[in-house]
Amino acid sequence: LIQYHDSMAGMGPETLEGFFDGWPRSPTLVARWRILCGSAERVLAVDDETGRVVGFVTAISDRMFCASIPLLEVLPQYRRRGIGRELMRRMLEKLRGLYMVDLVCDPQMQPFYESLGMKPLVAMTIRNPDVLSEPEVR
Ligand SMILES: CC(C)(COP(=O)(O)OP(=O)(O)OC[C@H]1O[C@@H](n2cnc3c(N)ncnc32)[C@H](O)[C@@H]1OP(=O)(O)O)[C@@H](O)C(=O)NCCC(=O)NCCS
């Protein structure tokens with residue numbers, strides 16, 4: 001059974017293996033844990049049989065006006081059973097009182113986010129992959 005949590009209590013860096021699937025470089029386990037702890041809001045999906053995190057979504061926010069959702073991921077072996085949608089549904093509910101809630105996605109993900117009530121927008125960005133770890137030091 002999948003349980004949803006919004007706190008990192010009892011969750012260490014070792015519970016965050018397997019994420020950033022397919023990224024050539026990614027945050028270390030400790031960096032992932034710090035990302036989750038440091039986010040204004042988070043929702044974790046935990047498999048209660050293993051105690052492992054199988055999906056999560058984060059939001060950064062000024063808690064008054066706006067929020068952004070930088071990360072949503074479900075482990076590959078747990079995808080396509082509604083966990084990603086439930087994570088987003090719970091996160092949007094937490095952010096309901098804010099004027100703006102933004103995220104960046106690839107075009108093929110637009111229908112998924114539209115089905116959650118979101119609208120397309122043009123985005124701009126800077127990405128610095130050099131700040132992430134090489135695979136061997138993860
Ligand atoms: C996106 C993601 C979180 C969805 O998690 P999930 O638990 O599989 O999501 P759900 O089962 O709730 O919903 C699946 C829906 O997501 C959409 N979706 C997922 N991956 C998709 C893809 N590669 N292309 C298009 N739509 C996709 C589809 O609408 C799908 O519905 P369907 O199964 O009826 O076709 C998961 O695929 C993932 O972790 N992907 C890698 C990271 C990523 O892309 N994150 C989003 C960044 S914007």
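Everything below is about the structure shown above.
What you see is a predicted model, and the numbers here were worked out from it, not measured in a lab.

Draft legend 1. Main features of the overall build of the chain. What the chain contains, in helices and strands, is three helices and five strands. In sequence order, the secondary structure elements of the chain are arranged as β-α-β-β-β-α-β-α. The C-alpha atoms of the chain give 15 Å as radius of gyration, which agrees with the globular expectation for 138 residues (14 Å, within 12%). Judged by the C-alpha coordinates and their principal axes, the chain covers about 40 × 35 × 30 Å. Counting only residues that meet the buried cut, the chain has 35% of its 138 residues in that class. Counted over contacts in the chain with a minimum sequence separation of 6, partners at least 24 positions apart contribute 58%. Summing over all exposed atoms, the chain offers an accessible surface of approximately 8,900 Å²; the carbon and sulfur share of this is 54%.

Draft legend 2. Local environment of the pairing of strand β3 (residues 52-61). With seven of ten residues buried, β3 lies mostly within the body of the structure. Bridge analysis of strand β2 (residues 41-47) against β3 gives seven bridges, and the strand direction is antiparallel. Paired with Val-46 across the strands is Val-53, a residue of β3. Between β2 and the antiparallel strand that follows it, β3, lie four residues; Gly-51 among them carries a positive phi value of about 75 degrees. With six bridges joining them, β3 and strand β4 (residues 66-74) adopt antiparallel strand pairing.

Draft legend 3. Quick look at the environment of Glu-73. Within the secondary structure, Glu-73 sits in strand β4. Classification of Glu-73 as buried rests on a relative accessible area of 13%. When the C-alpha atoms of Glu-73 and Ala-45 are compared, they prove to be 10.0 Å apart, with 28 residues separating the residues in sequence. When residues no more than four places from it in sequence are discounted, the contact partners of Glu-73 are Gly-18, Phe-19, Phe-20, Asp-21, Val-54, Gly-55, Phe-56, Arg-79 and Leu-87. A polar contact is formed between the side chain of Glu-73 and the backbone nitrogen of Phe-20, at a distance of 2.8 Å.

Draft legend 4. Focus on the site of the ligand. Around the ligand, 16 residues are found, and the nearest of them are Val-74, Arg-80, Gly-82, Gly-84 and Arg-85. Arg-79 is positioned such that a nitrogen or oxygen atom in its side chain is 3.4 Å from an oxygen atom of the ligand. Computed on the free molecule, the ligand has an accessible area of 900 Å², of which 65% lies beneath the protein chains in the complex. Of the residues contributing to the shell around the ligand, the split by class is eight nonpolar, three polar and five charged.

Rules of the game
- Residues numbered from 1 in each chain as written.
- Predicted model: local features only at pLDDT ≥ 70, side-chain atom pairs only at ≥ 80, totals over all residues.
- Heavy atoms only, no water.
- Helix = DSSP H or I, 4+ residues; strand = E, 2+ residues; numbered from the N terminus.
- Rg over C-alpha atoms; globule rule 2.2 N^0.38 Å.
- Buried < 20%, exposed > 50% of the residue type's maximum accessible area, 1.4 Å probe, protein only.
- Contact = heavy atoms within 4.5 Å.
- Areas by Shrake-Rupley, 256 points an atom, 1.4 Å probe, with all protein chains shown as cover.
- Pairing = 2+ DSSP bridges.
- Polar contact = N/O pair within 3.5 Å; in protein donor to acceptor, adjacent residues only side chain to side chain.
- Near = heavy atom within 4 Å.
- Nonpolar A, V, L, I, M, F, W, Y, C, P; charged D, E, K, R; others polar.

Any functional reading would require information beyond the geometric quantities listed.
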